[in-house]
Amino acid sequence: MDNETFEIYLVATPGLETVLCEEARECGFAGAAVTDGGVAFTGGWPDVWRANLVLRGATRVLARIGSFRAFHLAQLDKRSRKFDWAQVIRRGQAVKVEVTTKKSKIYHAGAAAQRIERALVEEAGAEVSAEAPLRLLVRIDDNLVTVSVDSTGPSLHKRGHKEFVGKAPMRETMAAMFLRQCGYHGSEPVLDPMCGSGTFVIEAAEIAAGLAPGRTRRFSFEELPGFDPAAWEGLRAGVQPVVPEARFYGSDRDDGAIRGAQANAERAGVTDWCSFTRGAVADLQRPDGPPGLVMINPPYGARIGNKKPLFALHNALGQVLKERFHGWRVGIITSDGGLAKATGLPFLPTGAPVAHGGLKVQLYRTEAL
C-alpha cells in the first residue's frame, strides 16, 4: 500500500473548484487540475492523509483505487469478484456501497450495487451495512466502472471544534475559499461585523496561525488496511503553528452569537488572537493597527417580503465602511445582487455563483477602500 499511486479526487463546493485547485497546488499537490466538479491529482496514501489534514477548501478526499469496463450486470459481477478489495477492506469490515450510473448500458444503480455488494461479501469477507462509516463510491460512466474509497468520513467542514452554529451558518470550507478569493493569506487583520458563530474570524485566525484544519478529528482512512499510525502522527506533528501578528475581530448584535463564537474560538485554540464584542453595525469602529479585510455573510432574506429592512441594513453597512475603513478591503457574500448594490461599495466583477444551502450566492469584493 506504501508505494502505489492512483488518482486522488477532491470534492469541491460547486463554484469553488478553481480556488480549491489553487490551494491544492500551493500545498504541494503537484499536477492538481480542475475536473468534473472537483480537483484531481496523482499520489499515494500518504498524500490522501495529508490532503485531509491540510486542505481548507475540500469537502472530502476520494482515493480512486481502480477501474474496469463492464457492459452488462453479469460482466460487472465477474469483474467485481476479481477486483483487489483487500487493498482497502479488512475481512469482517463493514462497508457501505453507493453506485451512480450515467451514459452506460448498466443503467440500474440498485442492481449494480447488489452485484458489487455480493462480490464484497463473498470474495473479500466484508459486511455490507447502510450505517457503515466506510463508504465505497462506484461510478459507472460510459461503461467504465471507477471504484473510489471515501477517505474522509464526515465532511471536512466539520473541523471538530464548532459546537455552536448560528442561524445561517457558512461552512468552514466555503469561508476559507472566500477568504482566499479576497487575497487573504494570514498576514493581515480580518473583521466580521455580523460574525454569527465566528466562522470567518476563526478560520482567518487558524490560517494566520498555521493550524491544520484536520488537526483534531478522526478520518475514515484510519480504518483502512495499510494505515500507518506512526507516519500519520509524524505528518500531524510536522505542521508547526506560529504566533500570528495580525488580530481578528467579530461583532454581532446577538449576545448568544457572541458567547457561541467565543466558545468556538476557544475550542479551536485561537482565543489569544480573536476578540468578539456585542454591537450593531452602526457602532462599528475601525480597530487600531494596519488595514485588513472586512468579511461579511449578512442576512439575505430568502423569503419575499422581508427585503426592505435588509436594503436599509446594507446601505448603513456601506456608509460605515466607506466612512471608517479607509484602506481596508471588503468581501460580502449574498444571493441578492441588489443587496450588494445597496451598500454603494465599488465592487470588482463577480466570479462564479456558489451553491450554499439551496441558494446560489456570490462573493462581492472591493479593492482597498
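As a starting point, this report considers the structure included with it. (Residues numbered from 1 in each chain as written. Predicted model: local features only at pLDDT ≥ 70, side-chain atom pairs only at ≥ 80, totals over all residues. Heavy atoms only, no water.)

Structural notes on the packing of aromatic side chains
Inference 1: Here the structure, examined in full by the defined rule, presents 12 aromatic pairs.
Inference 2: With a centroid separation of 6.1 Å and an interplanar angle of 55 degrees, the aromatic rings of F68 and F83 are classed as tilted. Of this pair, F68 sits in strand β4 (residues 60-69) while F83 sits in the loop between α3 (73-82) and β5 (94-102), placing them 15 residues apart in sequence. F83 shares its class with F68; the two are buried.
Inference 3: Geometrically, the ring pair formed by F83 and W85 is tilted, given 4.5 Å between the ring centres and 50 degrees between the ring planes.
Inference 4: You can call F83 buried: its relative accessible area is 12%.
Inference 5: Grouped by ring-pair contacts, the aromatic residues W49, F219, F221, F227 and W232 constitute a single cluster.
Inference 6: Between the NZ or CZ atom of R50 and the centre of the ring of F29, over which it lies, the distance is 4.2 Å. (Phe/Tyr/Trp six-rings, centres within 6.5 Å; stacked < 30°, edge-to-face > 60°. Helix = DSSP H or I, 4+ residues; strand = E, 2+ residues; numbered from the N terminus. Buried < 20%, exposed > 50% of the residue type's maximum accessible area, 1.4 Å probe, protein only. Lys NZ or Arg CZ within 6 Å of the ring centre and 35° of its normal.)

Quick word on the pattern of salt bridges
Inference 1: Scanning the model with the defined rule gives 19 salt bridges in all.
Inference 2: Taken together, the shared-partner salt bridges connect R56, R159, E203, E206 and R215 into one network. (Salt bridge = Lys/Arg side-chain N within 4 Å of Asp/Glu carboxyl O.)

A few points about the side chain of T366
Inference 1: Structurally, T366 can be placed in the segment after β15 (359-365).
Inference 2: T366 sits in the buried class, given a relative accessible area of 3%.
Inference 3: Discounting chain neighbours no more than four positions away, the residues touching T366 are R329, V330, L345, P346, F347 and L348. (Contact = heavy atoms within 4.5 Å.)

Focus: the sheet that holds strand β14 (residues 354-356)
Inference 1: Pairing is mixed across the open sheet formed by 7 strands, whose spatial order is β11-β10-β9-β12-β13-β15-β14. Two strands lie at the open edges of the sheet, namely β11 (274-278) and β14, each paired on one side alone. Taking the axes of each pair of neighbouring strands and ignoring which way they run, one obtains an average angle of 20 degrees across the sheet.
Inference 2: When strand β10 (residues 248-252) meets β11, the two strands line up parallel, connected through 5 bridges. When the bridges of β11 are listed, D252 appears paired with R278.
Inference 3: On the sheet, helix α5 (residues 172-181) packs against β9 (190-192), β12 (293-296), β13 (329-334), β14 and β15 and is oriented at approximately 30 degrees with respect to β15.
Inference 4: Of the strands in this sheet, β9, β10, β11, β12 and β13 are in contact with helix α6 (residues 199-209), which crosses β10 at around 175 degrees. (Pairing = 2+ DSSP bridges. Axes fitted to C-alpha atoms, helices over the stretch in contact; angles between N-to-C directions.)

Some details on the side chain of D336
Inference 1: Looking at the element boundaries, D336 is found in the loop between β13 and α10 (337-342).
Inference 2: A relative accessible area of 15% places D336 in the buried class.

A few points about the pairing of strand β3 (residues 38-43)
Inference 1: For β3, a buried count of 5 out of 6 residues is recorded, marking the element as mostly surrounded by other parts of the structure.
Inference 2: Bridge analysis of strand β1 (residues 6-11) against β3 gives 6 bridges, and the strand direction is antiparallel. Bridge pairing links E7 to T42 in β3.
Inference 3: Relative to β3, strand β2 (residues 33-35) is paired through 3 bridges, and the arrangement is antiparallel. Looking across to β3, one finds that T35 is bridged to G38.

Quick notes on the state of the cysteines
Inference 1: Inspection of every chain in the model, using the stated rule, returns 0 disulfides.
Inference 2: In this model C27 remains outside any disulfide bridge; the closest cysteine sulfur is found in C21, 12 Å from its own.
Inference 3: Of all cysteine sulfurs, the one in C195 lies closest to C274, which takes part in no disulfide; the gap is 10 Å. (Disulfide = S-S within 2.5 Å.)

Examining the sheet that holds β4
Inference 1: An order of β2-β3-β1-β4-β8-β7-β5-β6 is seen for the 8 strands of this open sheet, with the pairing classed as mixed. In this open sheet, the two strands that pair with only one neighbour each are β2 and β6 (127-128).
Inference 2: Contacts from helix α2 (residues 45-54) reach β1, β3, β4 and β8 (144-150), with the element oriented near 145 degrees to β4.

As for helix α8 (residues 255-268)
Inference 1: Taking 1.5 Å of rise per residue, the 14 residues of α8 would be expected to cover 20 Å, and the 20 Å separating its terminal C-alpha atoms lies within 8% of that figure.
Inference 2: Looking only at α8, the buried set comprises A257, I258, G260, A261, N264, A265 and A268. Down the axis of α8, the sector holding all buried residues measures 165 degrees, keeping them to one side. Within α8, the exposed residues directed more than 90 degrees away from the buried face are R259 and E266.
Inference 3: Looking at the buried positions of α8, the neighbouring elements they touch are α6, β10 and β11.
Inference 4: Downstream of α8 by a residue or two, G269 has a phi angle that is positive, lying close to 80 degrees. (Expected span 1.5 Å × (residues − 1). Arc of directions from axis to C-beta.)

Quick look at the nonpolar core
Inference 1: By size, the foremost hydrophobic cluster in this structure holds 94 residues, and its most contacted members are L10, W45, W85, F178, F248 and M295.
Inference 2: By residue number, the principal contributor to this core is α6, which donates 7 residues.
Inference 3: Apart from the residues within four sequence positions on either side, F248 is in contact with Y184, E188, P189, V190, V201, A204, A205, A208, W273, C274 and S275.
Inference 4: By size, the runner-up hydrophobic cluster in this structure holds 15 residues, among which are M194, L321, F325 and L369. (Core = buried A, V, L, I, M, F, W, Y, C linked by side-chain atoms within 4.5 Å.)

Honestly, it's all geometry; don't read function into it.
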